[in-house]
Amino acid sequence: MSLRNWNNGETNMNDRCMHPNATAIDSDVYSEIFATSAMREVWSDRSRIQYYLDFEKALALTQAHLGVIPKEAAEEISLHSNVCEIDFGKLKDATEHIGYPVLPVVQQLTALCKDDLGQWCHWGATTQDITDTATILQIRSALQLVEDEMKAISASLAHLAKEHRDTPMIGRSNLQQAVPLTFGYKAAVWLAGLDRHLQRLDQMKRRVLMGEFGGAVGTLASLGEQGLPVQQGVMERLGLTQPPIAWHTVRDTIAEVGCFLGILCGLLDKIASDVKVMMMTELNEVQEPAGGGGRGASSTMPQKRNPISCAYITACSSVVRQHSASLLNAMNADFERATGTWEIEWLVLPEIFCLSAGALAQANYMLSGLVVHPDNMKKDLQLTNGLVNTEAVMMALAPKMGRGKAHDRLTTISIAVSQGKGQLIDLLSNDPEIAKFLDHTAIERLIEPTNYLGNSGAMVDRVLAGRGE
């Protein structure tokens, strides 16, 4: 139902304030929450069409250099390879009629050229060559934005790992208190994962940033012996790798980009999940930055500070992972030019990148200003009066009474403590089997959580050293 069907045909909202933005990515309200302006610009119509024109310009200049087309034709085509000269109204109408935007762009570019020189435009190319290469150029720009955010997050995590290298806290398993570690160790675990993603990104770019120029079915038959030299020249001008063979319907590189962003967002979601739980009132070990006050406020509960960035990271990450599956479906491309699967990429690639940018921006904001509460971490660590160190006691007893027997004895005592039948130190000290091997002082030392941090600090140092820090 349209707005004008409500209230006896009157508009229900102020038309002057409304724009036809149907998704959170381009919403006037949500756009900087679920995406970033820089990433939206990469995937905008204007950027895409400019990349089409960049291809046509590179093609014309290369062919003129090789004597395939007249030099004056290449100069004229280059002169008008500017998106500002494209009539987007005509482009929209023509695209709806033809089904693809490349031919209408070529038609407008041809018409802009004087003296019928535009006839040399698009010489030997096909629609998918231009579309795919433009997509790769978009991906290159988009991945640079992703990499910049990743490096900023990596720096924030390195700072947290270094600053809290020796800040003790409880480690958790199945949402239960497990054994102690340090918050620096936890941050370094996140950091190591992110740095692996940076390595993956570098490796992936070498495969993905490969252009496409093959003509009708990829063989460059229309250009004869000049086909491969033209292909090489076009890719050199665009700064892309020359493909060894057409990849019109072998879409592994596009799918790889989607899967990379899916696992990257998976890591961001894991970090957000940890932070969300640590922000619980009962724990209050960390908090998202307040943002000058009021961020995460409740409309009715003045005391609340909601995990806003964490929530948006989780939402963005979930959709990115689902869209990654769509790109895997798009790999089922028939023969040498596909029917329908190619268009899946047009739908989901912009959203995958925009939502990934949103998740990265939220993570960057959150981690660069994360508020850490070491006192509360220490309080939570001491919550069980030493129960979290029963493994330490067990391992001290194991060489003397056997690991299985020690484990069973510690389990029985731990249950008794949880049932309120005594303090851990007392039950351990008064146990005749344990007293044979450990005195009260030794037991006190073993159940002190800060004495059981293992190699937390050394592992933090290794992660930081791997970054040259």
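Residues numbered from 1 in each chain as written. Predicted model: local features only at pLDDT ≥ 70, side-chain atom pairs only at ≥ 80, totals over all residues. Heavy atoms only, no water.

**Q** Which residues make up the pattern of salt bridges, and what values go with them?
**A** Throughout the structure, instances matching the rule amount to 20 salt bridges. Put simply, aspartate 274 and lysine 186 hold a salt bridge, and the shortest N to O gap is 3.2 Å. Of this pair, aspartate 274 sits in helix α10 (residues 252-278) while lysine 186 is found in helix α8 (residues 183-208), placing the two residues 88 residues apart along the sequence. A relative accessible area of 15% means that aspartate 274 is categorised as buried. Between lysine 405 and glutamate 433 there is a salt bridge, with its nearest N and O atoms 3.6 Å apart. One end of the pair, lysine 405, is in helix α15 (residues 403-418); the other, glutamate 433, is in helix α17 (residues 432-435), and 28 residues separate them in sequence. Glutamate 433 sits in the partly exposed class, given a relative accessible area of 26%. Here the residues in one salt-bridge network are Asp132, Arg251 and Glu345, joined through shared partners. (Salt bridge = Lys/Arg side-chain N within 4 Å of Asp/Glu carboxyl O. Helix = DSSP H or I, 4+ residues; strand = E, 2+ residues; numbered from the N terminus. Buried < 20%, exposed > 50% of the residue type's maximum accessible area, 1.4 Å probe, protein only.)

**Q** Any details on the layout of surface pockets? Residues and values, ideally.
**A** What the largest pocket holds in volume is close to 780 Å³. In terms of lining residues, the largest pocket is bounded by 28 residues, among which Trp43, Asp45, Arg48, Trp346 and Pro350 are the most central. Residue composition of the lining of the largest pocket, grouped by class: 13 nonpolar, 6 polar and 9 charged. (1 Å grid on protein atoms, 1.4 Å probe; cavity = no way out; pocket = protein on both sides within 12 Å on 5 of 7 lines; lining within 4 Å. Points joined across faces, edges and corners; volume = space filled by probe spheres on them. Nonpolar A, V, L, I, M, F, W, Y, C, P; charged D, E, K, R; others polar.)

**Q** Describe the nonpolar core, and please don't skip the residues or the numbers.
**A** Counting 102 residues, the largest nonpolar core has Ile139, Phe183 and Phe353 as the members making the most contacts within it. For this core, the leading source of residues is helix α7 (residues 127-163), giving 14 residues. For isoleucine 139, the residues in contact, after removing those within four places along its chain, are Trp43, Val208, Leu209, Ile254, Val257, Leu349 and Phe353. In this structure, Ile425, Leu428, Leu438 and Ile447 belong to the second largest nonpolar core, which totals 18 residues. (Core = buried A, V, L, I, M, F, W, Y, C linked by side-chain atoms within 4.5 Å. Contact = heavy atoms within 4.5 Å.)

**Q** I'd like to hear about a nonpolar patch on the surface, residue by residue, with values.
**A** Judged by side-chain polarity, Leu175, Val277 and Met280 come together as a nonpolar surface patch covering roughly 280 Å² of accessible area. As for its placement among the helices and strands, valine 277 is situated in helix α10. Judged by relative accessible area, which is 31%, valine 277 ranks as partly exposed. (Patch = residues over 30% accessible without salt bridge, like charges linked within 9 Å, V, L, I, M, F, W, Y side chains within 5 Å. Areas by Shrake-Rupley, 256 points an atom, 1.4 Å probe, with all protein chains shown as cover.)

**Q** Lay out the side chain of serine 309 with the relevant residues and their values.
**A** Looking at the secondary structure, you find serine 309 in helix α11 (residues 308-329). We classify serine 309 as buried; its relative accessible area is 0%. Contacts of serine 309, omitting those with residues within four sequence positions, involve Glu288, Arg295, Gln362, Tyr365 and Met366.

**Q** Could you give an account of the pairing of strand β2 (residues 176-182), naming the residues involved and the relevant values?
**A** The side chains of a regular strand alternate between the sheet's two faces. Where strand β1 (residues 168-173) lies against β2, 5 bridges are found, and the strand directions are antiparallel. By the bridge assignment for β2, methionine 169 is matched with leucine 181. The antiparallel pairing of β1 with β2 creates a hairpin that spans 2 residues between the two strands, and asparagine 174 there sits at a positive phi of about 55°. (Pairing = 2+ DSSP bridges.)

**Q** If you had to explain the side chain of aspartate 195 to someone new, which residues and values would you point to?
**A** Counting through the fold element by element, aspartate 195 comes out in helix α8. At 2.9 Å, the side chain of aspartate 195 forms a polar contact with the side chain of serine 154. With near-sequence residues (within four places) excluded, aspartate 195 lies in contact with Ser154 and Arg467. (Polar contact = N/O pair within 3.5 Å; in protein donor to acceptor, adjacent residues only side chain to side chain.)

**Q** Tell me about the packing of helix α3 (residues 45-65) against α7, and please be specific about residues and values.
**A** Put simply, α3 and α7 touch, their axes get as near as 9 Å, and they point 115° apart. In the crossing of α3 with α7, the sense of the turn from one axis to the other is right-handed. Note on element contacts: α7 touches α3 through Asp129, Ile130, Thr131, Thr133, Ala134, Leu137, Gln138 and Ser141, opposite Arg48, Tyr51, Tyr52, Phe55 and Glu56. Of the residues contributing to the contact of α3 with α7, the split by class is 6 nonpolar, 4 polar and 3 charged. (Axes fitted to C-alpha atoms, helices over the stretch in contact; angles between N-to-C directions. Left-handed = near helix turned anticlockwise from the far one by under 90°.)

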